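So the chains spell out like this:
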There are 2 protein chains.
Amino acid sequence: MLVECVPNFSEGRRLEVVRALEQAIASVEGVAVLDTHWDPDYHRCVITFAGEPQAVARAAFLGVAEAVRRIDLREHRGSHPRIGAADVVPLVPLRGITLAELVPIARALGERIWRELGVPVFLYGEAASSPERRELSFVRRGNFEGLPRAMQENPARWPDFGPPRVHPTAGATAVGVRPPLIAYNVDLDTPDLEVARAVARRVRESGGGLPGVRAIGVKLSSGHTQVSVNLLDYRTTPLHRVLERVKEEAERFGARVTGSEIVGLVPEEALWQCAEHYLGLRGFGPGKVLERRLAEVAWGR
Amino acid sequence: MLVECVPNFSEGRRLEVVRALEQAIASVEGVAVLDTHWDPDYHRCVITFAGEPQAVARAAFLGVAEAVRRIDLREHRGSHPRIGAADVVPLVPLRGITLAELVPIARALGERIWRELGVPVFLYGEAASSPERRELSFVRRGNFEGLPRAMQENPARWPDFGPPRVHPTAGATAVGVRPPLIAYNVDLDTPDLEVARAVARRVRESGGGLPGVRAIGVKLSSGHTQVSVNLLDYRTTPLHRVLERVKEEAERFGARVTGSEIVGLVPEEALWQCAEHYLGLRGFGPGKVLERRLAEVAWGR
């Protein structure tokens, strides 16, 4: 059984803290860190790691514990929404395990985070305790700063573990189970955050845009902006369709796409799709890829 | 040690013959057929297979023998240059073996084809016996029909194995050793073969075009044409640069690119390059590909 975990921590500036988070995670035997991405504008890092389910849950807990020790959200200013020092901890089935089988593991992890670290935990995605909580955007609405009031006003915003109070420095943490997704940022040449937000609204599913696309507009310190996308199913909506749609919508506002970026890792098939599309390949499929075919006949890599 | 062999046979219309060629090759233990591509316009098929060097040489011989039995070049009309029923048999090192180490294996294969099948053999690529013979275009100049006269007139065109006479029905065979290449066809909407040829001349290295690109213009039965490319090193000249250059050159003649096609297999990195280019990805590398990273930490596929 192989599980991936892609925690997002609210630290993207102090490299030594990012390294400490990585090390806490990598200290668990049987866990391998696959990628670390940090962004000073977002003031956020994303660590991708994998291993057996129990080892991954242990490593995730140690990462969260390190974040609680090292990160003080009261001084945290970044361009990405967040509710906690360890903002979101998704578990992703890669092989030999289902989404449903990961739910009790996520619940146990969430409970441990509350019990041992005193950080209230929301369950989201497949692990959510109500339909609206499946969406991270619902859980995170109001951010760290607005969360205490949201909890006061609405019991639907109470955490799954812990009382309706945030941890003073570490806020709260969302722990969830979800299928693999691609985190994909598209850069715009406009400094106007309202344009980036309008483009994001038109591109995302909830605004009548592309299926399986979540998107927000974000301001960068360079003076430019970004449409930050979570692509839930690249087989339904390929990366190139996201890019082309952002280009189209940006053009309406006189803005241009200057580039894009993968956050974390990307499945190889999502890249093949792009090559197939832009080259206009006829008769293409995974069976045309040398390494895939060699792997299939057991001479892999 | 892993070797790939990509023989091109002059049969792209009778599927039962293509299957017989495949079966002859696959009959050797330790050999796996990875891909079979056939094209009725070219009247040609390309079988990609791999295995240990000696098994691959044995399978290649059986494939050539089957081609000699089944294919009569006197009745063969296709749009692609060829000198033989088994036109060209390249050996390609994939792992644990060098180009130089494959040369004696290619020579032994060539000699066996002559001795047991009576088909004269030219060695090309790394196995060539003179610098000009490294190029397949030199070896193949004049095609099956013109080869007897070329041999008569010029001892530089004599085969490496066998006398300067072609086999009456099977012509001659080029056996060689080369690095991996990508066979890539770009479709043009023009019916004018001269346009496809002019585009090919401008795109290929010998015409001052792109490094490591061989290209010819080819007429298709659909009335359209094609620029048929061999891309010798996709790290120097990526696929997308070939496509974009063909587009540019075709535009000068008022022609448009309508699509493209990989013949045989393509290394995954060549596809990643295209995705990186067209998405305008910042900070991309093989380390961003999930399956590659999993393989590196020994959880591959």
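The model shown is predicted, which means the values in this text are computed figures rather than measured ones.

A. Fine view of the sheet that holds strand β9 (residues 213–219) of chain B. Residues and elements named next belong to chain B. Taken together, the four strands give an open sheet; going across it, the order is β9-β10-β8-β11, and neighbouring strands pair in antiparallel fashion. Sheet topology places β9 and β11 (257–263) at the edges, where each strand pairs with a single neighbour. Here the average twist between neighbouring strands, direction ignored, is 20°. Here β9 pairs with strand β10 (residues 225–231) via seven bridges, running antiparallel. Looking at the pairing, A215 lines up with V229 of β10. Seen against the sheet, helix α7 (residues 239–252) touches β8 (182–188), β9, β10 and β11 and runs at an angle of roughly 30° to β8.

B. Layout of the interface of chain A and chain B. Contact with chain A, which involves 52 residues of that partner, is made by 52 residues of chain B. Summed over both partners, the interface of chain A with chain B buries about 4,300 Å², with 61% contributed by carbon and sulfur atoms. Counting across the interface, chain A meets chain B through six salt bridges. Residue R282 of chain A is joined to E261 of chain B by a salt bridge in which the shortest nitrogen-to-oxygen separation is 3.4 Å.

C. The arrangement of the relation of the copies chain A and chain B in detail. Of the transformation placing chain A onto chain B, the axial shift is 0.0 Å and the rotation is 180°, giving an RMSD of 0.0 Å. Expressed as an axis order, the relation between the two copies is that of a two-fold axis. Nearest to the rotation axis, the C-alpha of A275 of chain A is located 2.6 Å from it, this being the minimum over chain A.

D. Here's a closer look at helix α3 (residues 99–117) of chain A. All names here are of chain A. The terminal C-alpha atoms of α3, which comprises 19 residues, lie 26 Å apart, in line with the 27 Å expected from a rise of 1.5 Å per residue. Among the residues of α3, L102, V103, I105, A106, L109, G110, I113 and L117 are the ones counted as buried. On its buried side, α3 packs onto β1 (2–5), α2 (53–70), β5 (86–95), β6 (121–125) and β7 (173–177). Just downstream of α3 lies G118, where phi reads positive at about 70°.

E. Layout of the pattern of salt bridges. The final tally for this structure, using the stated rule, is 56 salt bridges over all chains. Residue E268 of chain A pairs with R292 of chain A through a salt bridge whose shortest N-O separation is 3.5 Å. Residue E268 of chain A is found in helix α8 (residues 268–279), and its partner R292 of chain A is found in helix α9 (residues 290–296); the two are separated by 24 residues along the sequence. Each member of the pair, E268 of chain A as well as R292 of chain A, is classed as buried. In this structure, R115 of chain B and E116 of chain B form a salt bridge, with 3.6 Å as the shortest nitrogen-oxygen distance. Judged by relative accessible area, R115 of chain B falls into the exposed class, the value being 55%.

F. Just the packing of aromatic side chains, in detail. If you walk through the whole model with that rule in mind, you get one aromatic pair over all chains. Between Y278 of chain A and Y278 of chain B, the aromatic rings sit 4.9 Å apart at their centres with planes inclined by 15°, giving stacked as the arrangement. In this pair, Y278 of chain A is assigned in helix α8 and Y278 of chain B in helix α8 (residues 268–279), connecting two distinct chains. Classification of Y278 of chain A by relative accessible area gives buried; the value is 15%. Stacked on the ring of F61 of chain A, the Lys or Arg R112 of chain A has its end atom at 3.7 Å from the ring centre. The cationic tip of R157 of chain B hangs over the ring face of F138 of chain B; the distance from NZ or CZ to the ring centre is 5.5 Å.

G. Broad picture of the sheet that holds strand β8 (residues 182–188) of chain A. Residue and element names in this part refer to chain A. In spatial order, the strands read β9-β10-β8-β11; together these four strands make up an open sheet with antiparallel pairing. A single partner strand is all that each edge strand has here, and the edge strands are β9 (213–219) and β11 (257–263). Between one strand axis and the next, the sheet turns by 20° as a mean value, whatever way the strands run. Along the sheet, helix α6 (residues 193–203) makes contact with β8, β9 and β10 (225–231), crossing β9 at roughly 180°. Its contacts with the sheet place helix α7 (residues 239–252) against β8, β9, β10 and β11, and it is angled at close to 30° to β8.

H. Geometry of unusual backbone geometry. One non-glycine residue, H43 of chain A, lies in positive phi territory at about 50°. Residue position: H43 of chain A is located in the loop between β3 (31–39) and β4 (44–51). Looking at H43 of chain A, the relative accessible area reads 9%, which means it is buried. Even without being glycine, N143 of chain B reaches a positive phi, approximately 65°. Its place among the elements puts N143 of chain B in helix α5 (residues 143–153).

I. Quick peek at the pairing of β5 of chain A. All names here are of chain A. The buried fraction of β5 amounts to eight of the 10 residues, a majority that puts the element mostly inside the structure. Direction of pairing for β1 relative to β5: antiparallel, over a ladder of four bridges. Paired with L2 across the bridge in β5 is R95. Bridge count between strand β2 (residues 8–9) and β5: two bridges; the pairing is antiparallel. For N8, the partnering residue across the bridge sits in β5 and is V88. Where β5 and β7 come together, four bridges link them in parallel fashion. Looking across to β7, one finds that L91 is bridged to V177.

J. Here's a closer look at the side chain of R82 of chain A. Residues and elements named next belong to chain A. Along the chain, the position of R82 falls in the loop between α2 and β5. What makes R82 buried here is its relative accessible area of 5%. A distance of 2.9 Å separates polar atoms of two side chains, one belonging to R82 and the other to H76. Setting aside residues no more than four positions away along its own chain, R82 makes contact with S10, R44, L73, H76, D87, R140, N143, F144 and E145.

Definitions and limits used
Residues numbered from 1 in each chain as written. Chains lettered and ligands numbered in written order. Predicted model: local features only at pLDDT ≥ 70, side-chain atom pairs only at ≥ 80, totals over all residues. Heavy atoms only, no water. Pairing = 2+ DSSP bridges. Helix = DSSP H or I, 4+ residues; strand = E, 2+ residues; numbered from the N terminus. Axes fitted to C-alpha atoms, helices over the stretch in contact; angles between N-to-C directions. Contact = heavy atoms within 4.5 Å. Buried area = accessible area lost by both parts, 1.4 Å probe. Salt bridge = Lys/Arg side-chain N within 4 Å of Asp/Glu carboxyl O. Least-squares fit on C-alpha atoms with pLDDT ≥ 70 in both. Expected span 1.5 Å × (residues − 1). Buried < 20%, exposed > 50% of the residue type's maximum accessible area, 1.4 Å probe, protein only. Phe/Tyr/Trp six-rings, centres within 6.5 Å; stacked < 30°, edge-to-face > 60°. Lys NZ or Arg CZ within 6 Å of the ring centre and 35° of its normal. Polar contact = N/O pair within 3.5 Å; in protein donor to acceptor, adjacent residues only side chain to side chain.

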